[in-house]
Amino acid sequence: MGRLSTLFAPERVAVIGATDSDGSVGRAITSNLLASFDGDVVAVNPYKDEALGLRCYDTIGDVDDPGSVDVAVVVVPPNAAVQAIREAGQAGVQNVVVITAGFGETGSEGMSREQKLKEAAREYDLNLVGPNSLGVMSTPDGLNATFGNEMANEGDISFMSQSGAFVTAVLDWAAERDVGFKDIVSLGNKAILDEGDFVAEWGEDPQTEVILGYLEDIADGTKFIRTAREVTQDTPIVLVKSGRTDAGASAAASHTGAMAGSERAYEAGLEQAGTLRVESVQELFDYAQILSGQPLPDGDEIAIVTNAGGPGVMTTDAVGDSDLSLAEFEDGTLDRLRESMPDEANIYNPVDIIGDAPAKRFELALETVLADDNVSMAVVVACPTAVLSFEELAEVIVEKQAAHETPVATTLMGGKSVGAGQEVLSEAGIPNYFDPARAVDSLDALRDYRQIQAREYESPASFDVDRDRAEEILRTAARRDTNRLGVEAMELLDAYGIPTPQGAVTRSPTEAEEVAQDIGDDVVMKIVSPDILHKSDIGGVEVGVPPEEVRSTYEDLVVRARNYQSDATVLGVQVQEMVDLESGTETILGMNRDPQFGPLLLFGLGGIFVEVLEDNTVRVAPVSEPEAREMLDDIESAPLLRGARGRDPVDEDALVESVQRLSQLVTDFPAIVELDINPLVATPDGVQAVDLRLTLDQEKL
Ligand code: ADP
Ligand code: MG
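An account of the accompanying structure is given in this report. Bear in mind the structure is a predicted one, so any value in this text is a computation, not a measurement.

## Describing the overall build of the protein chain
For the protein chain, the count of helices and strands is 24 helices and 30 strands. Reported as C-alpha extents along the three principal axes, the dimensions of the protein chain are approximately 90 × 80 × 40 Å. Each of the 701 residues in the protein chain was classed as buried or not, and the buried ones make up 55%. Pairs at least 24 residues apart make up 71% of the contacts formed inside the protein chain by residues separated by at least 6 positions. Surface exposure of the protein chain reaches about 28900 Å², of which carbon and sulfur atoms provide 44%.

Structure below.
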């Protein structure tokens, strides 16, 4: 069991701020605890002698053997809360649930109060939930330390929510259905314990089969990914994430910054963490139910058995929209169906055993298709008829599902006639829906989870790089009074082994000529100025400059920069070797730092139309080799890289390695806030980083 096991399975709970005042939160918590908790409840309130039949102690230190209190629930007013937490810590209590609001959520005074609360919690090494929490629940011991008005039913789902109100809504909703819980926690402001801690705890809890979360943000994305990856090997995590902020995207100075906003960071981060992300509350519980009730499929192929043509077609459409595919039956299966079903039946998938089918016919059909090796899961779709008892049908389905250990979902389409059948199914953990699309979606979630479980995580590679050199380049740049760096910092890429063409930033036409001579061919010339973000937009890039025009081109580029912005800082002109664009593809490789998930890598189709085409994919860094490779597969123009239309395929390994090397660079230097290599030209003979732009946070250097 994990560090938080006594939080959820305490023997003694103290309510600091217990009271019997009508309508108060303190009263609600105390009476909820008294109503069902198997352990001891003690009350602390210096202004009362007694509350709801409990003697009130002045402080938690006055309780007999205060160190045996496992959890202190704090409901005192905000200005007394920090003191109460200190006293709990001094008394030797390890777990504190702070219900009191009026902290970080309320402005600057609250913010500094929350800071003090954190300090107190750290001083005593407290497991602190909240503040601003509805509380915690755990059904095995009847623990209801919340001020909600409903106690959860027992079950194997553990649920965390960043919204307390949502917890009460879910409990109310669940009370009407067969949804039970093991533990529930309202996370509140997450001053100390956050989603990562609970995921870790429930990952070790044998009584938790599925972890659900409603989150508005993720406090520490990197920690969350690390923890969740491990937990999802055994316990599925299903999350709804709302409150999508897009802070940062609007201020972006790079293409990557503009395209890789925080919503994409979540999407990528939660996917890399191995969580199942859902869009709605309905999906959250649909997934939870099937994941806790049904085994995982061994493939993607689904069989449909129905007594109704139309709903059969609807189900088939839903399969088309999912990642599942209709199973193709073995010959033996078809023979058996042909023998046992009426002539009018359709024995091919979707199997339509027609409207006059009694439960017995469903049984035969189901037995036959579930025995087929090509069938990994099944959905039974039935409409009410005079010859069909839903209850009998449910019993048949339960029996066959158990016999074959194949996941099954059902669609008993109807209202009042469904009741008894539904109960039989739900007892056996088989989810039933009116809408066939939900049944298919839920089965699809099982497939997704199976794939997550099969993942193997590799550690990111660590290349031999020149870290000191890179740091020096960043420091030199920082000494100039700007946070924006361009091609003058190309050596940063060299230091991390990302190939760049030969070239240099020159400060005079003569110097430019010298560099061009060294290169010994036509060159590319670019204006170098922190004030010019997109050089070609102002005519600041000249491609294919012959030796005799280098001098005049230098002057032209500077004039263009002045015309664009008269006081622009011009650092010089870069003279660069030409890269063969004919045989190559311009890609973009970049990074944007997300406030929660940290460095988000972006790879996609590059060049000057990058934001028009927006064909790119993102991952939270650091990435391993397989993850970097996946990024190449992800983009829609992947065939372009693989040699579409008779072109030679580009050197994919070199691309993958560049992604990994950039991953290492941005992980090593938190001072790099955003970065674009656009284009990173990929050719059959390797890659060349032709352009660079990055933003620095000097304070992090
Ligand atoms: P910016 O993005 O600021 O406009 P770039 O350096 O990316 O400036 O240059 C713009 C375009 O010019 C590139 O997308 C590429 O098509 C072309 N280009 C730049 N450098 C080279 C080079 N060394 N060889 C060939 N083409 C180049
Ligand atoms: Mg560019």
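## Side note on the sheet that holds strand β9 (residues 143–146)
Spatial ordering of the open sheet is given by β9-β8-β11-β10-β12-β13-β14, a layout of 7 strands whose pairing is mixed. With partners counted over all chains shown, the strands left at the sheet margins are β9 and β14 (276–278), one partner each. Here the average twist between neighbouring strands, direction ignored, is 15 degrees. Note: strand β8 (residues 135–138) against strand β11 (residues 181–186), 3 bridges, orientation antiparallel. In the strand pairing of β11, Val136 is matched with Val185.

## Structural notes on the layout of surface pockets
Rolled over the atoms, a probe sized like a water molecule indicates the empty space that remains. Put simply, the largest pocket is a space of about 850 Å³. Lining the largest pocket are 33 residues, with Asp178, Val179, Gln289, Gln422 and Ser426 positioned closest to its centre. Elements that contribute at least two residues to the lining of the largest pocket include exactly β10 (154–161), α10 (281–293) and α15 (419–427). Per-element tally for the lining of the largest pocket: the top contributor is α10, with 7 residues. Looking at the lining of the largest pocket, its residues break down into 12 nonpolar, 12 polar and 9 charged.

## Considerations on the coordination of the magnesium ion (ligand 2)
On the protein side, the magnesium ion (ligand 2) has Asn678 (O) and Asp691 (OD) as donor atoms, found 2.1 to 2.2 Å from it. Here the residue Asn678 occupies a position in strand β28 (residues 672–683), and Asp691 occupies one in the loop between β29 (686–689) and β30 (693–696), the gap between them amounting to 13 residues. There is no split in this pair, since Asn678 and Asp691 are both buried.

## Describing the side chain of Thr683
Counting through the fold element by element, Thr683 comes out in strand β28. What Thr683 contacts, discounting residues up to four positions off in sequence, is Asp580, Ser583, Gly584, Val650 and Asp651.

## Overview of the packing of aromatic side chains
Using the criterion set out here, one finds 11 aromatic pairs in the structure. Ring centres of Phe159 and Phe166 lie 6.0 Å apart, and the angle between their planes is 70 degrees; this geometry places the pair in the edge-to-face category. By relative accessible area, which is 15% here, Phe166 ends up buried. In this structure an aromatic cluster arises from ring pairing among Phe159, Phe166, Trp173, Phe181, Tyr214 and Phe285.

## What to know about empty space enclosed by the protein
Counted by the stated rule, this structure contains 1 cavity of 30 Å³ or more. Empty space within the largest cavity amounts to approximately 160 Å³. What lines the largest cavity is a set of 17 residues, among which Leu485, Gly486, Ser529, Pro530 and Ile532 lie closest to the centre. For the lining of the largest cavity, the elements supplying multiple residues, two or more each, are β20 (484–485), β22 (523–528) and β30. If you tally residues by element for the lining of the largest cavity, the top one is β30, at 3 residues. Grouping the amino acids of the lining of the largest cavity by side-chain chemistry returns 10 nonpolar, 3 polar and 4 charged.

## Focus on the site of ligand 1
Looking at ligand 1, there are 17 residues lining it, with Lys526, Lys535, Ser536, Glu586 and Val690 nearest. In the model, an oxygen atom of ligand 1 is placed 2.9 Å from a nitrogen or oxygen of the Asp691 side chain. Isolated, ligand 1 exposes 540 Å² of accessible area, and the fraction of that covered by the protein chains is 93%. Only β22, β24 (572–577) and β28 provide two or more residues apiece to the shell around ligand 1. For the shell around ligand 1, a count of residues per class yields 8 nonpolar, 4 polar and 5 charged.

## What to know about the packing of helix α6 (residues 195–203) against helix α7 (residues 221–231)
One can describe the packing of α6 onto α7 by two numbers: an axis separation of 9 Å at closest approach and a directional angle of 15 degrees. Between α6 and α7, the crossing angle belongs to the class labelled roughly parallel. In the packing of α6 onto α7, the handedness of the crossing is left-handed. The segment α6 lies against α7, with Glu195, Gly196, Asp197, Val199, Ala200 and Gly203 engaging Lys223, Phe224, Thr227, Ala228 and Val231. Each residue belonging to the contact of α6 with α7 can be placed in one class, and the counts come to 5 nonpolar, 3 polar and 3 charged.

Cut-offs and rules
Every chain is numbered independently, its residues counted from 1 as its sequence is written. For this description, chains carry letters from A and ligands carry numbers from 1, given in the order in which they are written. pLDDT decides what is reported in this predicted model: residues at 70 or higher carry local features, side-chain atom pairs at 80 or more are listed and counted, and totals for whole chains, interfaces and linings draw on all residues regardless. Each side-chain value is derived from all of the structure's non-hydrogen atoms; neither hydrogens nor water enter the calculation. For helices the rule is a DSSP run of H or I covering at least 4 residues; for strands it is a run of E covering at least 2, with both sets numbered from the N terminus onward. Note on exposure labels: buried denotes an accessible area under 20% of the residue type's maximum, exposed denotes more than 50%, and partly exposed covers the range between, all computed with a 1.4 Å probe on protein chains only. The contact definition used throughout considers only heavy atoms, calling two residues in contact when any of these lie within 4.5 Å. Here the open area of atoms and residues is found with the Shrake-Rupley method and a 1.4 Å probe, where only the protein chains shown may cover a residue. At least two bridges found by DSSP between two strands is the condition for calling them paired. The axes are straight lines fitted to the C-alpha atoms, using for helices just the contacting stretch, and the angles between their N-to-C directions are given from 0 to 180°. In the cavity and pocket records, a cavity denotes points on a 1 Å grid over the protein atoms alone where a 1.4 Å probe fits but cannot get out, a pocket denotes an open set with protein on both sides within 12 Å along at least 5 of 7 lines, and lining residues are residues with an atom within 4 Å of a point. Grid points are joined across faces, edges and corners, and a volume is the space filled by probe spheres set on the points. Following the grouping adopted for this structure description, the nonpolar residues are Ala, Val, Leu, Ile, Met, Phe, Trp, Tyr, Cys and Pro, the charged ones are Asp, Glu, Lys and Arg, and the polar ones are all others, Gly among them. Distances define the donors: N, O and S atoms within 2.8 Å of the metal qualify, as do those within 3.2 Å of Na, K or Ca. Water is excluded, so some sites may look unfinished. The criterion for an aromatic pair is that two Phe, Tyr or Trp rings (for Trp, the six-membered ring) have centres within 6.5 Å, with stacked assigned to planes under 30 degrees apart, edge-to-face to planes over 60 apart and tilted to the rest. Any residue with at least one heavy atom within 4 Å of a molecule or strand is counted as near it. A 3.5 Å cut-off defines polar contacts: any pair of N or O atoms within that distance qualifies, except that in protein one atom must be a possible hydrogen donor and the other a possible acceptor, and neighbouring residues in sequence count only when both atoms are side-chain atoms. Angles below 35 degrees are treated as roughly parallel, those above 145 as roughly antiparallel, those between 65 and 115 as roughly perpendicular, and all remaining angles as oblique. For any pair of crossing helices, the crossing counts as left-handed if the nearer helix is rotated counterclockwise from the farther one by less than a right angle, and right-handed if it is rotated clockwise.

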